[in-house]
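Inside the fold
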Amino acid sequence: MTEPSAQPSDPGREQQPQEADRLRDILRAPGYLKVLSFSALIGIPVSLVAFWFLVGLHKGEHLLWVDLPHVLGWDAPPWWWPLPLLLVAGLGVGLVAARLPGAGGHIPASGLHTGGSTPATLPGILLAAAASLPFGAVLGPEAPLIALGGGLALLFGGLARAPATPQATVLLGAAGAAAAIAAIFGNPLIAAVLLIEVAGVGGPQLFAVMLPALLSSGIGALVFTGFGRWTGLQTGSLGLELPTPFPPLDAADVLWTIPIALGIAVLLYPALVAAQRIAAYVSAGVIPRTVLCAVAAAACAALYSLITGRTPADVALSGQATLGRLAADPHAWGVGALVAVLLLKGAAYTLCLGSLRGGPVFPALFLGAAAGALLAPLPGLGLIPAVAAGMAAATAATLRLPVSSVVLVVLLLGGSAMMPIVILAVVIAFVTTELLPVRPAVPPTPRPENTAAR
C-alpha cells in the first residue's frame, strides 16, 4: 500500500496563523495593554487642549481680520492690511525658530510628519503657530496640532509614569497626534487614516497595494451607480439615505476629471519645489529671511485686493473660511477674481510653506476648489464634480497621501455621491506627482542659537 504523497505547502496558510499568533502576542503583552489604557486617558486632555488651541486661533483671526478693521472704520480690511500683520508674523516665527528648542516645529514645505515633538518643544510650537496663523499665513493648523498632540501625550505619559520604551513613546505620540488632529477635522476616521499614512505604516508597499484598490473601487462605484440609476434596481449599500444636492455623475464629469487632475498635479509641482528651495534659502538666515518671505506673501494679498477690489483675506489666511463662501456662491467671484486668487494665493502659499509654521491642507483644498470653480463652465462639466475633482487632486498632489485625501474630501463634501470622481482625481494626481522628478530635500529645522552649544 503506497503512502499518500505529501501535499504541497501553502505559504499563505502557514503565514496567516503566524501573523495571527504574532498579533495575539502583541495584544497580550502587558506593556501594550498599558499603553492602550494610557492612550484612552490621554485622548481626553489632548482633545481639550487642542479644542482651546483652535478656539484661540479662530478668535485671534477674527479679532485681527474682522473686529479690528471695523473698530478703525472699515467694513473689510483695506488692501495694505496684510503687510504689517505678516511682518509681525515673520518676525515672530523667525525669533522662535532661532531661539527656542524645536524651532517652532517642522518646516511645512516638507509635508506632514509625526514624531519629533517633545514637551520641551511645545512652547515654541505654540508660539510659532500663534504668530503665523491668525496674522495671515497661508497655512492651516493641522501640522501644529499633530506636533502639539504628540508632545502633550508624551508629557502626560511621563506625568502618569507610562511605559518609557521606544515602542511606547511612538504609540503614545501617535495617539496624542490623532486625538489632536480629530479636533480640526471633527472626525476620528480621518485622524486615524491620516496618521497611518503620515507615519508611513507599511512603507511603499502600502501605497502600491492601495492605489489599485482605490482605483478599482472608484470604477466599481461608477458602474454600480450607473446601473442602479439606469435600471432602477438596488443592490443595497452600507450607508444612510441622506438627501444631498449632488447631481448624478455622467460621462463628461468622469472624462473631464482626468485632465483636471493631471493639470493640477503638474501645475502644483513647481510651486512645491519652489517652497522647498525657499526653505533652504530661509535656513541660511532665519530671522531676516523669514521676515522677507512673510512680507512677500503679504504683498501677494495686497496686490490681489488692489486688482480685484476684494478683501485681501481671500489670499491671506488658510482659506478654510473662504472655502465655504466659495462653495456657497462661486459665481460671485468671476473669472478674473478666480484667476487672481489662484495665482496670488498660490504664490503666497509657496512662500509660507518655506518660511512660516502651519500645515498644507486647507490652502491646498481652497486652491483645488477655486480651480474647479474656474473650470466648471467646460462643456458637460458640472460645478460640484469640478470642485470635488479639483480639491481631491490638489490635496493628493500636495500631501501625497492618497487614502487620506479621499477620506478628507468626501468628508468635506458631506456625502459619498462624488466619491468616484474624488478617487479618480486622487489616483491620477498622486501617480503623476510621484512620477515627476524627485523634489529637493528640505533642510533640517534650524537649531536654536541658545541650544546649539549644548
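Residues numbered from 1 in each chain as written. Predicted model: local features only at pLDDT ≥ 70, side-chain atom pairs only at ≥ 80, totals over all residues. Heavy atoms only, no water.

1. So, unusual backbone geometry
- Within the chain, A103 stands out as a residue other than glycine whose phi angle is a positive 55°.
- Here A103 lies in the loop between α3 (82-99) and α4 (122-132). (Helix = DSSP H or I, 4+ residues; strand = E, 2+ residues; numbered from the N terminus.)

2. Notes on the nonpolar core
- Counting residues in hydrophobic clusters, the biggest one holds 116 residues, and the most contacted among them are L145, F185 and V422.
- Once residues within four sequence positions are removed from consideration, F185 is found in contact with I190, L194, V361, F362, L408 and L411. (Core = buried A, V, L, I, M, F, W, Y, C linked by side-chain atoms within 4.5 Å. Buried < 20%, exposed > 50% of the residue type's maximum accessible area, 1.4 Å probe, protein only. Contact = heavy atoms within 4.5 Å.)

3. Some remarks on the packing of aromatic side chains
- The full count for this structure, using the stated rule, is five aromatic pairs.
- Consider the rings of W74 and W80, whose centres lie 5.6 Å apart with planes at 80°: the pair is edge-to-face.
- When its relative accessible area of 32% is taken as the criterion, W80 is described as partly exposed.
- A centroid spacing of 6.0 Å and a plane angle of 70° characterise the contact between W74 and W81, whose relative ring orientation is edge-to-face. (Phe/Tyr/Trp six-rings, centres within 6.5 Å; stacked < 30°, edge-to-face > 60°.)

4. Observations regarding the state of the cysteines
- For the structure on display, the rule yields zero disulfides.
- C352 provides the cysteine sulfur closest to C293, a residue in no disulfide bond, and the two sulfurs are 8.7 Å apart.
- The structure places no disulfide on C300, whose sulfur is separated from the nearest cysteine sulfur, that of C352, by 8.7 Å. (Disulfide = S-S within 2.5 Å.)

5. Considerations on the packing of helix α12 (residues 334-355) against helix α13 (residues 361-375)
- In the contact formed by α12 and α13, the axes pass within 10 Å of each other and the chain directions differ by 155°. Relative to α13, the element α12 lies roughly antiparallel. The interaxial crossing formed by α12 with α13 has left-handed handedness. On the side of α12, the interface is formed by V335, L338, V339, V341, L342, K345, G346 and Y349, while α13 contributes P363, A364, F366, L367, A370, A371, A373 and L374. (Axes fitted to C-alpha atoms, helices over the stretch in contact; angles between N-to-C directions. Parallel < 35°, antiparallel > 145°, perpendicular 65-115°, else oblique. Left-handed = near helix turned anticlockwise from the far one by under 90°.)

6. A short note on the environment of I421
- In this structure, I421 sits in helix α16 (residues 419-435).
- Given a relative accessible area of 1%, I421 falls into the buried group.
- Along the primary structure I421 and D253 are separated by 168 residues, whereas in three dimensions their C-alpha atoms are 7.8 Å apart.

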